[in-house]
Structures are given as C-alpha cells and as structure tokens.
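# Chain and residue survey
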Amino acid sequence: MQEINQNIAKHLKQQRQQKNWSLDRTANETGVSKAMLGQIERGESSPTITTLWKIATGFQLSLSSLIESSKEQNDSTVIRPVLEQHKYLADDKAPAPAIFPYDDRFGFEMFEFILEPGVERLSDPHRSGVTEHVIVISGTMELLIDGQWLTLASGEAIRFSADQSHGYRNLSEQAAVFHNIIHYAKVVSEV
Ligand code: MN
C-alpha cells in the first residue's frame with residue numbers, strides 16, 4: 001500500500017473512533033458511501049481529491065491532515081525537492097503531500113498542483129470560512145469563481161472564498177503549475 005493511502009486509512013479510522021461515528025453515520029456526514037469508506041479504511045482504494053475533501057469537510061478537518069503522516073514538520077527545515085515530491089495532478093487522481101501541511105499555529109496548508117492540458121476539476125464548497133490563494137507559477141489556467149471562469153497567467157494570483165462551488169481547468173496546450181494556500185477560519189466553538 002502506498003504510504004499516502006496508509007496515512008489516509010489511519011486518519012479516517014482515528015477520526016471515526018474519536019467521534020464514535022459508525023460507517024453509516026460517517027457516510028451521512030461526509031456524503032461518501034459506506035462501501036467506499038470501508039475500502040479507504042482498509043487501504044484498498046486510493047481516494048480522489050474530491051472524496052478526500054468530502055471526508056475532510058464532514059470531519060471539519062483540513063485536507064492535508066488526512067494525507068500527512070503524524071510526524072511534525074520542523075520549522076527552519078528546507079523541504080526538498082518540492083517539484084519532485086510534492087507535485088501532483090490537479091485532476092481527480094490521488095493526492096500528494098502538501099508543501100506545508102496544515103498547522104494549527106498558522107491556520108493554513110500549501111500545495112503545489114500541476115494542471116495538465118485539458119484537465120478540469122470542479123470542487124464542492126469547502127467548509128465555512130475556507131479561503132484559497134492561487135498563485136500561478138507557470139503556464140496559464142482558469143479558475144471558476146462566482147460562476148465565472150477567470151484566466152490567470154504565469155505570475156498572477158488571486159484569493160477567493162472557497163466555501164462555495166469552484167473549479168480549476170487548463171484549456172491551453174501546456175501544463176500549468178500553481179500553488180494553492182488554503183486558509184481555514186478558526187472554529188470558535190465546537191459542539
Ligand atoms: Mn478547493
């Protein structure tokens with residue numbers, strides 16, 4: 001089993017135990033089928049980014065906290081090689097580790113995505129108060145924000161509320177690379 005799938009399986013099991021949620025309850029809270037949740041927990045399935053977001057939103061977690069191993073990322077450590085270890089397709093395939101995983105001290109996580117030509121990924125709203133910051137490193141891409149596709153060229157950046165439907169696509173002939181800083185509003189009170 002791939003390390004990343006092991007991490008996801010472990011985190012999902014832990015979260016269910018902590019909350020004392022059955023598979024039925026988890027399916028209701030996340031919108032992911034019981035069968036799929038079981039497969040993910042047994043490491044028999046590589047969840048897509050869309051599925052992971054559903055799980056993260058249902059459990060009120062950041063995306064990266066489902067993906068990462070539990071070991072802490074140290075400050076003042078060079079993370080390398082960013083382009084090899086962290087790149088992954090921003091289509092709906094399996095995810096890769098964040099450059100900076102979510103850390104409660106800072107409230108954000110940062111990913112690098114490669115958007116291949118012709119790829120389009122639509123995203124359900126993330127939980128309330130989630131803001132994305134997209135910075136295009138190379139190539140040209142489009143973002144669906146407030147129902148409109150906006151073109152962003154290399155070097156351009158935008159911040160948008162991601163607690164609404166949004167999307168990413170690449171209509172050009174070259175891959176686009178972008179960074180995504182995902183900021184989570186603090187949960188002030190939990191029931
Ligand atoms: Mn998103």
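Residues numbered from 1 in each chain as written. Predicted model: local features only at pLDDT ≥ 70, side-chain atom pairs only at ≥ 80, totals over all residues. Heavy atoms only, no water.

The sheet built from four strands is open, its strands ordered β3-β8-β5-β6 with antiparallel pairing. On the outer flanks of this sheet lie β3 (120-123) and β6 (148-153), each paired with one strand and no other. Strand-to-strand, the axes of this sheet are offset by a mean angle of 20 degrees, without reference to chain direction. In this sheet, strand β8 (residues 166-169) lies alongside strand β5 (residues 140-145) in antiparallel orientation, the contact comprising three bridges. (Pairing = 2+ DSSP bridges. Helix = DSSP H or I, 4+ residues; strand = E, 2+ residues; numbered from the N terminus. Axes fitted to C-alpha atoms, helices over the stretch in contact; angles between N-to-C directions.)

With that settled, the discussion passes to the sheet that holds strand β2 (residues 108-115). Pairing is antiparallel across the open sheet formed by five strands, whose spatial order is β1-β2-β9-β4-β7. Every other strand in the sheet has two partners, leaving β1 (100-103) and β7 (157-161) as the edge strands with one partner each. In this sheet, adjacent strand axes meet at a mean angle of 25 degrees when their direction is disregarded. Bridge count between strand β4 (residues 131-138) and β7: five bridges; the pairing is antiparallel.

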